[in-house]
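A structural walkthrough
This is what each chain is made of:
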Amino acid sequence: IPLQNCIKDLGYKGQINLVENKIPIYLYGSQRKGFLLKDLDKPTVLYAGSKSHYIKNNSGDFTENWLNFIKMNVLSDKISFVWIGEVPDFFEDIKDKIIIYPGVNIMDFPRILREIQADFQIGPLAENWFTACKSDIKALQSYATDSIFIGTKFKSIPSPYDNCKNYINTHDLTEEITKVL
């Protein structure tokens, strides 16, 4: 409830109601990918985020390790990286090597996520108050589309993924994933 606390710290005295996120089955469907019976040759990794998550020369949701990991594996053709949203300046050098959906209508978003069939979806990975105030919607969207979710439980502040199940925590994980690829 970090966002609620931030609002109260700013002096708001009114009631704040917390509404739990839900993923509507009628938008995401009930189809499942099925079991993966072989190793992935080139996993598809998806990130979706609006331009408001970044400012010029600021990595927003990503840590430097994750930026380097993504760039290295895109350039060596080990992952297929899909970006939904406007590509920020820190990915300008790999822009021509990633799949970009520059803007997606909110009603088309669940269909697009299903069509991409990502193996992994990544959520906010940087430990800061901006990402701490987010919800667990990225994890829920990942679960609804049969993707493995990668997010971060923060060390010193609350994380939107503290109560999530079935996800990979990212602290110092980039080296381990690189070994597998």
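Chains are numbered independently. Their residues run from 1 in the order of the written sequence. Only residues with pLDDT of at least 70 get local features here, since the model is predicted, and only at 80 or more are side-chain atom pairs given and counted; chain-wide, interface and lining totals rely on the full set of residues. Working from all heavy atoms in the structure, the side-chain values ignore hydrogens and water.

1. Things to note about helix H6 (residues 137–144)
Each residue's exposure class comes from its accessible area (1.4 Å probe, protein chains only) as a fraction of the maximum for that residue type: buried when under 20%, exposed when over 50%, partly exposed otherwise. The secondary structure listing takes helices from DSSP runs of H or I that are at least 4 residues long and strands from runs of E that are at least 2 residues long, numbered from the N terminus. Those residues of H6 that fall on the buried side of the exposure criterion are Lys-138, Ala-139, Gln-141, Ser-142 and Ala-144. Residues of H6 that are buried sit in contact with helix H2 (25–28), strand E1 (44–48), helix H4 (109–116), strand E4 (120–122) and strand E5 (148–151). A positive backbone phi angle near 60° is found at Asp-146, which sits one or two residues after H6. Should any heavy atoms of two residues lie within 4.5 Å, those residues are considered in contact.

2. A look at H4
Among all positions of H4, only Phe-109, Pro-110, Ile-112, Leu-113 and Ile-116 are buried. Projected down its long axis, H4 shows its buried positions confined to an angular sector of 160°, all on one face. Close packing links the buried residues of H4 with H2, E1, strand E2 (80–84), strand E3 (99–101), E4 and H6. Just downstream of H4, Gln-117 is the residue with a positive phi angle, here 50°. Summarising the geometry, the arc corresponds to the directions from the helix axis toward the C-beta atoms.

3. Some thoughts on the packing of aromatic side chains
Two rings belonging to Phe, Tyr or Trp (six-membered ring only in the last case) form a pair when the distance between their centres is within 6.5 Å. Interplanar angles under 30 degrees mark stacking, angles over 60 mark edge-to-face geometry, and anything in between is tilted. Under the criterion given, the structure shown has six aromatic pairs. Here the aromatic rings of Trp-66 and Phe-69 are separated by 5.1 Å at their centres, their planes lie at 75°, and the arrangement is edge-to-face. Separated by three residues within a single helix, Trp-66 and Phe-69 lie in helix H3 (residues 64–75), roughly one turn from each other. Across this residue pair, the class does not change: Trp-66 and Phe-69 are buried. Measuring from ring centre to ring centre gives 5.6 Å for Phe-81 and Phe-91, while their planes differ by 65°; the resulting arrangement is edge-to-face.

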